[in-house]
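# Per-entry structural report
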Amino acid sequence: MAGKILIIGACGQIGTELTLKLRDLYGNDRVVASDIREGNEELMNSGPFEIADATDAPVIESIIDKYGISKVYLMAAMLSATAEKAPMKAWNLNMDSLFHILNFAKDKKIEKVFWPSSIAVFGPTTPKNDTPQTTIMEPSTVYGISKQTGERWCEYFHDKYGVDVRSLRYPGIISYKTLPGGGTTDYAIEIFHEALKNKAYTSFLAEDTGLPMMYMDDAIKATVDIMKAPSEKIKVRSSYNLSALSFTPKVLAEAIQKEIPDFKISYDPDFRQKIADSWPSSIDDSEARKDWQWKHDFDMQSLVKEMLSGVSEQLNTAK
């Protein structure tokens, strides 16, 4: 593999696990992690790390030059629930960071870019069930607006300048390894911690709120696979729909009750309910499955077992 990999936003929920996976695949010294703050011990000790603000183009460029970077994974972003509290800060972070990387690729400083989009690009007017790849997109959140805009710019830079940029519309991502970062799907991680600690959880989404979800290992696999695929296989240069599971808080609670029979759930929807109501409840990702042979590994019960086992181990270690 020519050139090295840079992950910007490496200390976030997806960035942390992506960094460790890429280091495992390509070698620790070939994968440079960067973030505005330091990350967990495993991330910091396993390979090179640089403190960097994703919106600071000269600093990012100096890291690219210093390490001979050829591929950039731009994972830095302010997520949906947090972005609603600081709209302009979120817009500036989410958009400026992308422009810098697309321009570096246009100027041939780097060869390939991964940038994550999200189901947040869809809105209240989008078909909710089996949302197609190409459909009405009228997002009603700051995060969604920034991701939809980013998709348009990614496609523009590919069509106009030949930039090899690849993107996935992530659903809600579930993992026990890194704490959630202020998203609307965070309940699906919190519920496991509370089920094990207190045998009870109060969901901030209503019981029948269906959303597309995915276990972290599948999200990392999709990210690695799309970047490995030959360029001619990537037909969509805005962002691919990506899907694995769709469920409601009630269905997830029932799956947990199969493992912890006395677990109880209650519901007290907050401001995140309105965000969730604007998103699809299931996604059609047949184009990703056709173009670069995407497929997920984790079903509902295997996800629940992995999460309960991982969180349980964490809680025991913390004692």
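An account of the accompanying structure is given in this report. (Residues numbered from 1 in each chain as written. Predicted model: local features only at pLDDT ≥ 70, side-chain atom pairs only at ≥ 80, totals over all residues. Heavy atoms only, no water.)

Here we take up the overall build of the protein chain. A count of helices and strands for the protein chain gives 12 helices and 14 strands. Scaling as 2.2 N^0.38, a compact globule of 319 residues should have a C-alpha radius of gyration of about 20 Å, and the protein chain matches this with 19 Å. Dimensions of the protein chain, computed from the C-alpha atoms along their principal axes, are close to 60 × 45 × 40 Å. Counting across all 319 residues of the protein chain, residues that qualify as buried make up 55%. (Helix = DSSP H or I, 4+ residues; strand = E, 2+ residues; numbered from the N terminus. Rg over C-alpha atoms; globule rule 2.2 N^0.38 Å. Buried < 20%, exposed > 50% of the residue type's maximum accessible area, 1.4 Å probe, protein only.)

This paragraph deals with the sheet that holds strand S12 (residues 240–241). In space, the 3 strands of this open sheet follow the order S6-S8-S12, with parallel pairing throughout. The open sheet has two edge strands, strand S6 (117–118) and S12, and neither has a second partner. Sheet topology note: the strand S8 (residues 168–170)/S12 ladder contains 2 bridges and is parallel. Paired with Arg-169 across the bridge in S12 is Asn-241. (Pairing = 2+ DSSP bridges.)

Below, the discussion takes up the nonpolar core. The biggest cluster of nonpolar side chains holds 78 residues, and the ones touching the most others in it are Phe-192, Leu-252 and Trp-292. With 7 residues, helix H8 (residues 216–228) is the largest single contributor of residues to this core. Once you skip the residues sitting within four places of it in the chain, Trp-292 turns out to touch Leu-168, Ala-222, Asp-225, Ile-226, Ala-229, Ile-234, Tyr-240 and Leu-242. Counting residues in each nonpolar core, the second largest holds 26 residues, with Ile-64, Leu-102, Val-163 and Val-165 among its members. (Core = buried A, V, L, I, M, F, W, Y, C linked by side-chain atoms within 4.5 Å. Contact = heavy atoms within 4.5 Å.)

Attention now goes to the packing of helix H1 (residues 13–26) against H8. Across the interface, H1 lies against H8 with an axial gap of 10 Å and an inter-helix angle of 55°. Taken together, the axes of H1 and H8 are oblique relative to one another. Every pair of crossing elements has a handedness; the one defined by H1 and H8 is right-handed. Here Gln-13, Ile-14, Glu-17, Leu-18, Lys-21, Leu-22, Leu-25 and Tyr-26 of H1 lie close against H8, whose contacting residues are Met-216, Asp-217, Ile-220, Thr-223, Val-224 and Lys-228. Classifying every residue of the contact of H1 with H8 gives 8 nonpolar, 2 polar and 4 charged. (Axes fitted to C-alpha atoms, helices over the stretch in contact; angles between N-to-C directions. Parallel < 35°, antiparallel > 145°, perpendicular 65-115°, else oblique. Left-handed = near helix turned anticlockwise from the far one by under 90°. Nonpolar A, V, L, I, M, F, W, Y, C, P; charged D, E, K, R; others polar.)

Applying the stated criterion to the full structure yields 13 salt bridges. The partner of Glu-254 in a salt bridge is Lys-250, and the shortest N-O contact between them spans 3.2 Å. Linking Glu-254 with Lys-250, this pair stays in helix H9 (residues 249–257), spanning 4 residues, or about one helical turn. Among the residues examined, Lys-250 registers a relative accessible area of 37% and is labelled partly exposed. Residues joined by salt bridges that share partners form a network here, namely Glu-61, Asp-65 and Lys-109. (Salt bridge = Lys/Arg side-chain N within 4 Å of Asp/Glu carboxyl O.)

The subject of this paragraph is the environment of Lys-160. You can see Lys-160 is positioned in helix H6 (residues 142–161). For the pair formed by Lys-160 and Lys-197, sequence separation is 37 residues and the distance between their alpha carbons is 53 Å.

As a volume, the largest pocket reaches approximately 960 Å³. Considering the residues around the largest pocket, the lining is formed by 43 residues, among which Met-75, Ala-77, Met-78, Leu-79 and Gly-181 are closest to the centre. Listed by contribution, the elements that provide at least two residues to the lining of the largest pocket are H1, helix H4 (80–83), helix H5 (87–106), S6, H6 and strand S9 (172–174). For the lining of the largest pocket, the residue count by class is 22 nonpolar, 15 polar and 6 charged. By volume, the second largest pocket amounts to about 370 Å³. What lines the second largest pocket is a set of 14 residues, and nearest its centre among them are Glu-17, Lys-21, Lys-177, Asp-217 and Ile-220. Listed by contribution, the elements that provide at least two residues to the lining of the second largest pocket are H1 and H8. Per-element accounting of the lining of the second largest pocket gives the leading share, 6 residues, to H8. The residue inventory of the lining of the second largest pocket, partitioned by class, reads 3 nonpolar, 3 polar and 8 charged. (1 Å grid on protein atoms, 1.4 Å probe; cavity = no way out; pocket = protein on both sides within 12 Å on 5 of 7 lines; lining within 4 Å. Points joined across faces, edges and corners; volume = space filled by probe spheres on them.)

The next subject is the side chain of Asp-186. With respect to the secondary-structure elements, Asp-186 resides in the loop between S9 and helix H7 (187–198). Among buried charged residues, Asp-186 stands out as having no salt bridge; its nearest opposite-charge side chain is Arg-272, 5.2 Å away. A distance of 3.0 Å separates the side chain of Asp-186 from the backbone nitrogen of Gly-183, its partner in a polar contact. Apart from the residues within four sequence positions on either side, Asp-186 is in contact with Pro-180, Gly-181 and Phe-204. (Lys, Arg positive; Asp, Glu negative; His and termini not counted. Polar contact = N/O pair within 3.5 Å; in protein donor to acceptor, adjacent residues only side chain to side chain.)

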